[in-house]
Amino acid sequence: MTVDVSINISGLTFKNPIIVASGSRTASANHILKCFENGAAGAVTKTITYDVMQQVQPKPRMHVVNPEDALRGRFYSLYSIELMSEHSPEKWVKEIREIKVAVKRNGGILIASIAGRNFEEWEKLAQLVEDAGADMIEINLSCPHIEEGTLMGRAASSSLNVVSQVVRIVKNAASLPVIGKLTPHGANPINLAKTMFSSGADAVVSTARFQGLIIDVGSMKPILWGSYGGYGGPWQLPISLGWTAHIARENVGKPIIGSGGISGWEDIVRFLLVGASAVQICTAIIIGGYSIIPKMVKGVMEWMAAKGFQRINEFIGLSLKNIMPLENLERRRIYAVSVDLDKCTGCGVCEIVCPYEAISLDERNKAVIGLECDNCGLCASICPFRALSLKVRAS
Ligand SMILES: Cc1cc2nc3c(=O)[nH]c(=O)nc-3n(C[C@H](O)[C@H](O)[C@H](O)COP(=O)(O)O)c2cc1C
């Protein structure tokens, strides 16, 4: 079956739903061209700003939590304090022109991420990147490192009024489609998205990273660079997915670009199923390299073929109807926990975790489930040998 993975956002055709998010892999024209060569449909420049403090990177600035798991494709976190682009806006004008010349050959939508410290800078940057030839503008109201005293990053998102003004100024300054990037940090992304859309944004990215802190108990100081850092990675996926579903349910009628924690093609499908039209990926491409992009495209295409979908639009938002309202959740004890005696090794993990103290080990060293079992599912979920499962009781 032929599968078409192209999507349309604000009149622009993306050849697939993968956009490389603003970050280390989009730090220059050279980086962005590699994104396109590896099959990304779009790429967002590292955030362009006039703030020279943002243009000089702290050293060191990257720390992988659980590095073995990162290399094996399991849960990890990238803790980092990479600031905005090291290149001046003037240098980016040249880089954007260079990319646009090359893109004529490879295809690829170029999105310029900008951040102004005041309304005048927002306006100036929007005009600058449009004149340079960018296809879209992304407004960075999400950077976790910006705490206060300026009109950019997550600091600006603490005021819906400021968010609205920034979107309006950028929309008035340029004729390009504008994407607003949502922070999940201390803000309600649904309200942010609604404010951005009602102020003229053409799409939103849901969502960026959190700020975090890691303390070394030996030195009793923050690790490495000695301060807070952005905290993201695959663990963040359920949070970003949840916000994306909530925003999609508001029927905003404009595209949502899902982001936050994507590590494989399955995560891309998950975002599309809860209403995203495309995705942005940063951390997974920093850790796995550009070559994971074609693997992700292939994974999405194979899944579509297996499910009988020919176009992405056929399944965008399909899972929203399967998300049950909390008041409808099952509250009766309809399950019996069943123990597969061949698989049970008597390790005792289930006995330890059971909050109802319903599990014991018998004389054969096998798990036995008592009447106190409340069907919470914890034992089945944690059993290292998959010996426990929830089965609906015969009535
Ligand atoms: C090292 C690093 C640098 C980043 N730099 C930027 C940036 O300059 N501008 C921006 O808007 N987002 C930046 N981000 C945030 C990403 O674009 C993205 O929103 C976030 O990491 C969530 O996506 P992910 O889970 O796929 O990484 C950066 C993220 C990382 C990890």
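Above this text you will find the structure in question.
Fair warning: this is a prediction, and the values are worked out from it, not measured in the lab.

### So, the layout of surface pockets
Over the atoms rolls a probe the size of a water molecule, and its path tells where empty space is left.
So, step 1. In this structure, the largest pocket spans a volume of roughly 210 Å³.
So, step 2. Lining the largest pocket are Ala70, Gly73, Tyr76, Ser263, Gly264, Trp265, Ala284, Ile287, Gly288, Ile292, Lys295 and Met296.
So, step 3. Tallied by class, residues from the lining of the largest pocket come to seven nonpolar, four polar and one charged.

### Quick notes on empty space enclosed by the protein
So, step 1. Under the defined criterion, the tally for this structure stands at three cavities of 30 Å³ or more.
So, step 2. Considering only enclosed or pocket space, the largest cavity measures out at about 510 Å³ in volume.
So, step 3. As for the largest cavity, its lining consists of 36 residues, and the residues nearest its centre are Ser22, Gly23, Lys181, Arg209 and Cys282.
So, step 4. Every element with two or more residues in the lining of the largest cavity is listed here: β7 (77-80), β9 (136-140), β17 (278-281) and α10 (283-288).
So, step 5. When the residues that make up the lining of the largest cavity are grouped by side-chain class, the tally is 13 nonpolar, 18 polar and five charged.
So, step 6. Partitioned by chemical class, the residues of the lining of the second largest cavity number 10 nonpolar, three polar and one charged.

### Details of helix α11 (residues 292-307)
So, step 1. Given a rise of 1.5 Å per residue, 16 residues ought to cover 22 Å, and the 23 Å separating the end C-alpha atoms of α11 matches this to within 8%.
So, step 2. Here α11 has its buried residues at Ile292, Ile293, Met296, Val297, Gly299, Val300, Trp303 and Met304. Take α11 and look down its axis: the buried residues cluster within an arc of 160°, on one side only. α11 presents Lys295, Lys298 and Ala306 as exposed residues on the side facing more than 90 degrees away from its buried surface.
So, step 3. Elements in contact with the buried residues of α11: β3 (18-20), α1 (29-37), α9 (265-273), β17 and α10.
So, step 4. A positive backbone phi angle near 80° is found at Gly308, which sits one or two residues after α11.

### A short note on helix α7 (residues 189-198)
In an α-helix there are 3.6 residues to a turn, and that puts residues three or four apart on one side.
So, step 1. Of all 10 residues in α7, seven are buried; the element is thus mostly enclosed.
So, step 2. Looking at the packing, one finds that the buried side of α7 touches α6 (160-173), β10 (178-181), β11 (203-206) and α8 (237-249).
So, step 3. Its side-chain oxygen 2.8 Å from the backbone nitrogen of Ile190, Asn188 forms the N-cap of α7.
So, step 4. A positive backbone phi angle near 120° is found at Gly200, which sits one or two residues after α7.

About the thresholds
- Residues numbered from 1 in each chain as written.
- Predicted model: local features only at pLDDT ≥ 70, side-chain atom pairs only at ≥ 80, totals over all residues.
- Heavy atoms only, no water.
- 1 Å grid on protein atoms, 1.4 Å probe; cavity = no way out; pocket = protein on both sides within 12 Å on 5 of 7 lines; lining within 4 Å.
- Points joined across faces, edges and corners; volume = space filled by probe spheres on them.
- Nonpolar A, V, L, I, M, F, W, Y, C, P; charged D, E, K, R; others polar.
- Helix = DSSP H or I, 4+ residues; strand = E, 2+ residues; numbered from the N terminus.
- Expected span 1.5 Å × (residues − 1).
- Buried < 20%, exposed > 50% of the residue type's maximum accessible area, 1.4 Å probe, protein only.
- Arc of directions from axis to C-beta.
- Contact = heavy atoms within 4.5 Å.
- Polar contact = N/O pair within 3.5 Å; in protein donor to acceptor, adjacent residues only side chain to side chain.

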